[in-house]
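Spelled out, the chains give:
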Protein chains: 2
Amino acid sequence: MTVDQTARKNTDQSQSSRSSNAAHDLKIGVLVVTHYRLGEEFLQVLRLILPEAPEWTAVSVDPKMPVEEVRGAIAAGLKASDKGDGVLILTDMFGGTPSNMSLSFHDEHQVEVVTGMNLPMLIKLATLTDEKPLDELATFIKAYGQRNISVASELIPEGDV
Amino acid sequence: MTVDQTARKNTDQSQSSRSSNAAHDLKIGVLVVTHYRLGEEFLQVLRLILPEAPEWTAVSVDPKMPVEEVRGAIAAGLKASDKGDGVLILTDMFGGTPSNMSLSFHDEHQVEVVTGMNLPMLIKLATLTDEKPLDELATFIKAYGQRNISVASELIPEGDV
C-alpha cells in the first residue's frame, strides 16, 4: 500500500462521498495568512487529503516585505475570498505580522481572525455543510482545532500502539 | 517599519535575550513529520522568529512514497534527533500517514507523538528552559498548543481592534 492509499483510507471517505461532502458552496470565504509559504503548504496538504476542497487563497508574508505591501496582499486576498458573508482568516500565531495585519481589517471588512491554525481546522472547514454566521464559525473552528491537538498514544487502546 | 522589524518586535525579545532564551540544550529531541513540506515550512518560520532555535529535523511525507520509505525516513529522523532522552514527534493530524507511521515507533523507540501541531507549540518548545520527562512534555505542549488557538478579536480590548 502506498502512502497515498493509506492517506485516502485514513480520511475515512470514499471518492464518491468526498465529492458530496466537500462544501464547495460555503458562503463564508476562507483566507490563510502566514509567515513565508506555510499557508500555501497547508493548502497543498488540504488538497492532497481532500482533492475537492474549495480553492482558497494563501497570503505569504515575507520578512522583507514593507508593511504596506503585506496589507495590499491581504486586501487582495480578502477581495478574492469574500462572497458576501465575510471572510474567516486563519493565521499561524497571535502577535505575528500576519495576524496583526489581518486584524487591522476588522473595522473595514467583515472578517474574523483565528490564530494558531492547524491542519484539522482546514479539513473541517472544507467539509462543513451547515452554514453559521462568521463569528460563530470562528468560535466553532477554534474549539475544533483545540480538540484536535492530541497526544496520539492517549487515543489508541493499550496494546494497539 | 518592515515586516521583519515588526515580527521581531512581536516576539517581544531583543536580539540578546533571544540568544539566552533559546534552549539549545533541551535534552529531548524534536522531530516534525508531516504531509509534503509543511514541516519544513514550519521550521523555516520558527527560525525566522527565533534565529537561535535548535536545528530540528522535518520529515516530508510524499503521497508517492512507499510506506517502507516513509518508515525509513522517520527512523533516520529519530536517529538524528535523539540525544538519549527520547523524541517528541509533532505531526499535522491524527490519522494521517505521518502520524500513523510515527506511532508505529512507539514500541521500539522512546517517542511521543503530538498531532495537530501549530506554530505556537514549536516556538514554545524552542524556548523551554525547564526539563520535563517526555510524556509530561507531550501533555504540556498539547495544552499549550490548544491555549494558543484563539479568535483574535476576543483577545483585543474593544476599540483597539
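Quick caveat: nothing in here was measured; it's all calculated off a predicted structure.

Cut-offs applied
- Residues numbered from 1 in each chain as written.
- Chains lettered and ligands numbered in written order.
- Predicted model: local features only at pLDDT ≥ 70, side-chain atom pairs only at ≥ 80, totals over all residues.
- Helix = DSSP H or I, 4+ residues; strand = E, 2+ residues; numbered from the N terminus.
- Buried ≥ 20, exposed ≤ 12 C-beta atoms within 10 Å, placed from the backbone.
- Pairing = 2+ DSSP bridges.
- Contact = placed C-beta atoms within 7 Å.
- Axes fitted to C-alpha atoms, helices over the stretch in contact; angles between N-to-C directions.
- Least-squares fit on C-alpha atoms with pLDDT ≥ 70 in both.
- Expected span 1.5 Å × (residues − 1).
- Right-handed = clockwise from strand over helix to strand, strands pointing away.
- Nonpolar A, V, L, I, M, F, W, Y, C, P; charged D, E, K, R; others polar.
- Arc of directions from axis to C-beta.

Novice: Even after reading the chapter, I still don't get the environment of Ala53(B), so can you show me in this structure?
Specialist: All names here are of chain B. Note that Ala53 resides in the loop between α3 (38–49) and β2 (57–61). Overall, the presence of 21 C-beta atoms within 10 Å leaves Ala53 in the buried class. As a C-alpha pair, Ala53 and Leu43 span 10 residues in sequence and 9.1 Å in three-dimensional space.

Novice: Explain the sheet that holds strand β1 (residues 29–35) of chain A here, please?
Specialist: Note on sheets: strands pair through backbone hydrogen bonds, and any given pair is parallel or antiparallel. Read across the sheet, 5 strands follow the order β2(A)-β1(A)-β3(A)-β4(A)-β5(B) without closing on themselves; strand pairing throughout is mixed. For this open sheet the edge positions go to β2 (57–61) of chain A together with β5 (150–151) of chain B, each flanked by a neighbour on one side alone. As paired elements, β1(A) and strand β3 (residues 87–91) of chain A share 5 bridges and run parallel to each other. Bridging across to β3(A), Val32(A) finds its partner in Leu90(A). With respect to the sheet, helix α7 (residues 134–147) of chain A is in contact with β3 and β4 (111–115) of chain A together with β5 of chain B, its orientation differing from that of β4(A) by roughly 10°.

Novice: What should I look at first to understand the relation of the copies chain B and chain A in this one?
Specialist: The two chain copies are connected by a rotation around an axis plus a translation along it. The operation relating chain B to chain A is a screw motion whose rotation component is 180°, with 0.0 Å of axial translation and a residual RMSD of 0.0 Å. Both chain copies can therefore be described as sitting about a two-fold axis. Relative to the rotation axis, the C-alpha of Gln146(B) is the closest in chain B, positioned 2.2 Å from it. Of the interface residues in chain B, 100% have counterparts in chain A that sit at the interface too, so the contact is made through matching surfaces.

Novice: Quick question: what am I supposed to make of helix α3 (residues 38–49) of chain A here?
Specialist: Owing to its 3.6 residues per turn, the α-helix brings residues three or four apart onto one side. Residues and elements named next belong to chain A. Over its 12 residues, α3 runs 17 Å from end to end, which matches the ideal 16 Å to within 8%, given 1.5 Å per residue. Counted residue by residue, α3 has 9 buried out of 12 residues, so it is predominantly covered. What α3 keeps buried is the set Leu38, Gly39, Glu41, Phe42, Leu43, Val45, Leu46, Leu48 and Ile49.

Novice: Please clarify how the pairing of strand β1 (residues 29–35) of chain B should be interpreted in this entry.
Specialist: Here is the key point about a regular strand: its side chains alternate between the two faces of the sheet. All names here are of chain B. Counting buried residues along β1, 7 of its 7 residues qualify, which places the element largely inside the surrounding structure. Two elements, β1 and β2, share 5 bridges in a ladder whose sense is parallel. Residue Val32 lies in a different strand from β2, and its bridge partner there is Ala58. Assessed by its sense of winding, the connection that carries the chain from β1 through α3 to β2 is right-handed.

Novice: Before we go on, may I ask you to explain the interface of chain B and chain A in this structure?
Specialist: Often, the extent of an interface is quoted as the loss of accessible area on bringing the components together. Between chain B and chain A, the contact holds 58 residues from the first and 58 residues from the second. Each residue belonging to the side of chain B that touches chain A can be placed in one class, and the counts come to 29 nonpolar, 20 polar and 9 charged. Note: strand β5 (residues 150–151) of chain A against strand β4 (residues 111–115) of chain B, 2 bridges, orientation antiparallel. Looking across to β4(B), one finds that Ser150(A) is bridged to Thr115(B).

Novice: What exactly am I supposed to notice about helix α4 (residues 67–81) of chain B here?
Specialist: Residue and element names in this part refer to chain B. Relative to the 21 Å expected for 15 residues at 1.5 Å per residue, α4 spans 21 Å between its end C-alpha atoms, a close match to the ideal helical length. Those residues of α4 that sit buried are Val70, Ile74, Gly77, Leu78 and Ser81. Down the axis of α4, the buried set is contained in an arc of 100°. They therefore lie on one face. Turned more than 90 degrees away from the buried face of α4 sit Glu68 and Ala76, all of them exposed.

Novice: So what exactly am I meant to see when it comes to the sheet that holds β1(B) here?
Specialist: Taking strand neighbours across the sheet as the criterion, the 5 strands line up as β5(A)-β4(B)-β3(B)-β1(B)-β2(B) in an open arrangement whose pairing is mixed. Among the strands making up the open sheet, the edge pair consists of β5 of chain A together with β2 of chain B. Sheet contacts for α4(B): β1, β2, β3 (87–91) and β4 of chain B; angle to β2(B), the most-contacted strand, approximately 175°.

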